[in-house]
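# Structural features, examined
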Amino acid sequence: MILHPAIIALVASSVLISSLVLYAVWYGVRILHSWDLRSGSSLQLDLERRTYLISTVLAYVFGFQLVSLFLLIYTADSLSTLFTGAMCAAGTFNVNFYGYPLLVVKIVNFLLAGLWLTVNYADNRAYDYPLIRKKYAFLLFLAPYLVLETVLQVRYFLGMSPDVITSCCGSLFSVNASGVASDLAALPAVPLQYAFTASMAATVVLGIIVVVTRRGGCAFSFVAGAAFIIGIASLISFISPAIYELPTHHCPFCVLQKEYGYIGYIFYATLLGGAVTGIGVGVLGPFRSVPSLVDIIPSLQRRLAVLSVLFYTSAGLLTLITIVRSNLK
Amino acid sequence: MGNWFERQRNIIDFTLSSLVRRKGKNLALLLVYALLVFLLASVMFFTHALRREASFVLQGAPEIVVQRMSAGRHELIPARYLGMIKGIRGVSGVRGRLWGYYFDPFSGANYTLMVPEAFSHGSGDVIIGQGIARTRLVGPGDVLSFQRYDGTPAILTVREVLPSASELVSSDLIVLSENDFRRFFGMAPGLYTDIVLTVRNAKEVATVAGKVQKLLPDTRPILKSEILRTYDTIFDWRSGIIVVILSSAVLAFIIFAWDKASGLSAEERKEIGILKAIGWETSDVLLMKFWEGAAVSLTAFLAGVLLAYVHVFFTPVMLFEPVLKGWSTLYPSFKLVPFINPYQVATLFFLTVVPYTVATIVPSWRAATIDPDSVMRS
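Residues numbered from 1 in each chain as written. Chains lettered and ligands numbered in written order. Predicted model: local features only at pLDDT ≥ 70, side-chain atom pairs only at ≥ 80, totals over all residues. Heavy atoms only, no water.

## Digging into the overall build of chain B
Selection rule: Runs of E in the DSSP output that reach at least two residues are strands. Runs of H or I that reach at least four are helices, and both are numbered from the N terminus. The size measure is the radius of gyration over C-alpha atoms, and the globule rule it meets is 2.2 Å times the number of residues to the 0.38 power. Under the convention used here, a 1.4 Å probe and the Shrake-Rupley method define accessible areas, while residue burial counts only the protein chains that appear. As used throughout, the charge tally considers Lys and Arg to be positive and Asp and Glu to be negative, leaving His and the chain termini uncounted. Charge placement uses NZ in Lys and CZ in Arg. For Asp and Glu, CG and CD serve respectively.
Along the backbone of chain B there are 13 helices and twelve strands. In terms of overall dimensions, chain B is more spread out than a globule: its C-alpha atoms have a radius of gyration of 31 Å, far above the 21 Å expected for 378 residues. Projected onto its principal axes, the C-alpha coordinates of chain B cover approximately 100 × 50 × 40 Å. Surface exposure of chain B reaches about 18,700 Å², of which carbon and sulfur atoms provide 62%. Averaged over its 38 positive side-chain charges, chain B has a centre that lies 3 Å from the centre of its 31 negative ones.

Take a look at the structure:
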């Protein structure tokens, strides 16, 4: 374990977040079990009050979740000097088994948390809590992943031991250890460029259809989800080399560094934002027929679709500008 | 959208005026909060600046240092090793270094004696660092006397005092000629303290070090990257220890914040009761509590960070200095370069604002769900 202030901050906050989520789950189970809107019992009144608490808790938790995703990547980046062969976060995540699974779980949690907040928002707009059971069932599904994230994070940081000089040997580490591979395998650039352009175009077209005709939410949401994955793959495959102006450098983490004007944050923020809002359209779709949501959901879906299209168009435009301005041809 | 902004604006307006109405209670909270941020931020800024300083200094260090080991201890290295190392492919330069330590009973400090690659003065002359000039009260032209290994006196004339810009590395330094050095310590001509190598291709450094180790099994090669890494770890570790120690302060602060947030005065309860009676919903009160927390956190955070910035970069850092910097009789006095990045701010945010927020969620919710009639009846 490395005693680094950022590691202490990350571990402590993820333990706090997990305990808050478990607290919310405890009441979630009670709500699933005893919720009855027609009843006027004191238990029901208490549960109705608790829903405010849980919504607040989870809104904060998911807000912190977003910031901590980037703090984790930044920390990994700054720790890379401590490991032989690690040049940036890519190498640091590779120092033990838990690094990459942690990153993936963190991104998935971010997306799921965003979707939960979307459902929660729709539910709170209606007068009779129509989605309350579904929302808490979703929370029960989400909670284990948040706990898993904490466990992975603790194990990841506990398993780190930096390659420093000891009294018995100097460079022995550097010579004998094979070193941490910093390169990520990249997919072929040209097919991905087509896929990226197609997914961006499809998102925009389907988004306009959703906004105008109020139909096709499910297809739009599927395309928006696919566009996220294709976007990340493209970032590794051809956008990063264009930013670095180096055809062999595919690192998805170096783009977050100061040398490249922190441009990576805009890429990740637009892609993550586009994915959450886009998938949110599809998640809300099945609830359109709920009587108390009939007026609420279609307008919410339209707003989400507009947001998603805006996010993805920004990502697409940014990519275009990056590639056109890059000296790598 | 305009409606939404208007609503937030009104609630913020109300929150701020209600915060000001309870000045005493909120000022106490702000003060403690800002103090905590100040302490943690000081530690982080100071460590970071020291790390940067160390890495700047080491930028000019040789890529590989080869030391001879005997019985697990650093030994003098024979000159014939130079030729053997020079034969390794990829090595572009080899040089034997002469340096050592001298304990000066007058000042109670250790000096570092070093022979440079080319010494511009003659035998009997020395160049000294600012620290030595300060403690021994000497300047160019003055004479310094030391005791050689065999007890005979060595009288050396100071020719130059090194500029203060390099004080971090040269405070306790005495630069002298090879001849004087060997007579001073009684070191035979064929021996050096250690050997430094330069390697043409940076990617081959580790391979060259491996070859040196194979060729000369009684030596240990030390890479520049390893020294840098070790420094980084030491500074991280030192600041981590302090953060862990300060975590008890964070805990105390959480309890304090929890207590402040849950101990609503009769007046506050009445206020919330009236608000709800005139039509505020639970979610509006929660929103008000959110803005209250945001206002307190933002003020305390900014004040704490600003104070820490001034403390670390513009005043002699009084707190934590001995622990973070390390200690020595002849410690250099140097100015740190002001530096702050979003990463440090984010870490501080997670160490202070997140615990504060977590501590106040439940009390805020309790306040927001007060029954108006029960409050007004009591």
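From this point on, the discussion continues.
## Focus on the overall build of chain A
The condition is simple: Relative accessibility decides the category of a residue: with a 1.4 Å probe and only protein chains considered, values under 20% of the type maximum give buried, values over 50% give exposed, and everything between is partly exposed.
If you tally the helices and strands in chain A, you get ten helices and zero strands. For chain A, the α and β elements follow one another from N to C terminus as α-α-α-α-α-α-α-α-α-α. Considered along the principal axes of its C-alpha atoms, chain A spans approximately 75 × 50 × 25 Å. Classification of the 329 residues of chain A by burial places 54% in the buried group. Across chain A, the 18 positively charged side chains and the 12 negatively charged ones have centroids separated by 9 Å.

## Topic: the interface of chain B and chain A
Defined as follows: Contacts: residue pairs with any heavy atoms within 4.5 Å of one another. The buried area of a pairing is the accessible area, by a 1.4 Å probe, that goes missing from both parts when the two are put together, added over both. One side-chain nitrogen of Lys or Arg within 4 Å of one carboxyl oxygen of Asp or Glu is enough to make a salt bridge. Amino acids are sorted into nonpolar (Ala, Val, Leu, Ile, Met, Phe, Trp, Tyr, Cys and Pro), charged (Asp, Glu, Lys and Arg) and polar (every other residue, Gly among them).
Contacts between the two partners involve 45 residues from chain B, matched on the other side by 41 residues from chain A. Both sides together, the interface formed by chain B and chain A hides about 3,900 Å², and carbon and sulfur atoms give 72% of it. By the criterion of area lost to chain A, the three top residues of chain B are R229, Y343 and F350 of chain B, representing 20% of everything that side buries. Linking chain B with chain A are one salt bridge, by the criterion used here. Across the pair D371 of chain B and R49 of chain A runs a salt bridge whose closest N-O atoms are separated by 2.7 Å. Of all the secondary structure elements, the ones that give two or more residues to the side of chain B that touches chain A are α2 (23-58), α7 (205-215), β12 (219-223), α8 (224-262), α10 (282-314) and α12 (342-368) of chain B. By residue class, the composition of the side of chain B that touches chain A is 26 nonpolar, twelve polar and seven charged.

## A word on the pattern of salt bridges
Residue and element names in this part refer to chain B. Tallied over the entire structure, the rule returns 21 salt bridges over all chains. Close ionic contact of D232 with R51 constitutes a salt bridge, the shortest N to O distance being 3.4 Å. A residue pair is termed long-range when its members are at least 10 positions apart, and D232 in helix α8 and R51 in helix α2 qualify at 181 residues. Like D232, the residue R51 is buried in the burial classification. Taking the shortest distance from any N to any O, the salt bridge between K289 and E292 comes out at 3.7 Å. Linking K289 with E292, this pair stays in helix α10, spanning three residues, or about one helical turn. For the pair K289 and E292, one class covers both residues: buried.

## Topic: the domain arrangement of chain B
We count it as follows: The split of the chain into domains comes from an automatic or database domain assignment.
Structurally, chain B comprises domain 1 (2-58 + 230-377) and domain 2 (77-192). For domain 1 of chain B and domain 2 of chain B, the distance between their C-alpha centres works out to 50 Å.

## A short note on unusual backbone geometry
Only a minority of non-glycine residues have a phi that is not negative, and only a minority of peptide bonds are not trans. Residues and elements named next belong to chain A. Positive phi outside glycine occurs at Y129, with the angle close to 45°. Of note, Y129 is situated in the loop between α4 (99-125) and α5 (132-158). Classification of Y129 as buried rests on a relative accessible area of 18%. You will see that Y262, though not glycine, has its phi angle at about 55°, which is positive. Turning to its location among the elements, Y262 is positioned in the loop between α8 (217-244) and α9 (263-284). When its relative accessible area of 27% is taken as the criterion, Y262 is described as partly exposed.

## Some words on the confidence of the model for chain A
Residue and element names in this part refer to chain A. Heads up, the rule is: pLDDT is a residue-level measure of predictor confidence that goes from 0 to 100.
Taken over all residues, the pLDDT of chain A has a mean of 84, while the share at 70 or more is 92%. The least confident element of chain A, judged by mean pLDDT, is helix α6 (residues 172-176) at 42; the most confident is α5 at 91. Confidence drops under a pLDDT of 50 for residues 167-183, and excluding neighbours within four residues, the segment shows 34 contacts in the predicted structure.

## A closer look at the domain arrangement of chain A
Residues and elements named next belong to chain A. On domain assignment, one finds that chain A holds domain 1 (5-162) and domain 2 (189-325). Its C-alpha centre places domain 1 at a distance of 23 Å from the equivalent point of domain 2. Summed over both partners, the interface of domain 1 with domain 2 buries about 2,100 Å², with 85% contributed by carbon and sulfur atoms. A per-residue breakdown of the area domain 1 buries against domain 2 is headed by F70, L111 and L115, which together make up 24% of the total. Along the contact surface separating domain 1 from domain 2 lie zero salt bridges.

## Describing a nonpolar patch on the surface
Test applied: Each patch groups residues whose relative accessible area exceeds 30% and which form no salt bridge, using 9 Å between like charges and 5 Å between nonpolar side chains of Val, Leu, Ile, Met, Phe, Trp and Tyr.
Side chains of L317, L320, I321 and V324 of chain A sit close together on the surface and give an oily, nonpolar patch of about 400 Å² of accessible area. Here L320 of chain A shows up in helix α10 (residues 296-325).

## Here we look at the environment of S297 of chain B
All names here are of chain B. Inspection of the secondary structure assignment puts S297 in helix α10. S297 sits in the buried class, given a relative accessible area of 8%. Each C-alpha atom of the pair S297 and V354 lies 9.7 Å from the other, and the pair is 57 residues apart in sequence. In contact with S297, not counting residues within four places along its chain, are Y33, V353 and Y356.

## Describing the packing of aromatic side chains
To describe a pair of aromatic rings, you give the distance between the ring centres and the angle between the ring planes. This is how it is decided: Two aromatic rings from Phe, Tyr or Trp, using only the six-membered ring of Trp, form a pair when their centres are within 6.5 Å; if the ring planes differ by under 30 degrees the pair is stacked, by over 60 it is edge-to-face, and anything between is tilted.
In this structure the tally under the stated criterion is 39 aromatic pairs over all chains. Seen in terms of ring centroids, F64 of chain A and F349 of chain B are 6.3 Å apart; in terms of plane orientation they differ by 70°. Their pairing is edge-to-face. In this pair, F64 of chain A is assigned in helix α2 (residues 42-79) and F349 of chain B in helix α12, connecting two distinct chains. Given the relative accessible area of 8%, F64 of chain A is considered buried. Arranged with centres 6.1 Å apart and planes meeting at 55°, the rings of Y262 of chain A and Y265 of chain A form a pair that is tilted. Residue classification places Y265 of chain A among the partly exposed residues on the basis of a relative accessible area of 22%.

## Brief notes about the confidence of the model for chain B
Counting all residues, the mean pLDDT for chain B is 85, and 94% of those residues have values of 70 or more. Least confident of the elements in chain B is helix α11 (residues 321-325) of chain B, whose mean pLDDT is 66; most confident is strand β3 (residues 77-78) of chain B, at 93.

## As for the side chain of R51 of chain B
You can call R51 of chain B buried: its relative accessible area is 16%. Among all residues touching R51 of chain B, those that are not within four sequence positions of it are H4 and S78 of chain A together with D232, F235 and D236 of chain B.

## Considerations on the environment of W258 of chain B
Residue and element names in this part refer to chain B. Structurally, W258 is set in helix α8. The partly exposed category is assigned to W258, whose relative accessible area is 41%. Separated by 99 residues in the primary sequence, W258 and T357 place their C-alpha atoms 9.5 Å from one another. For W258, the contacting residues outside a window of four places in its chain are A359, V362 and P363.

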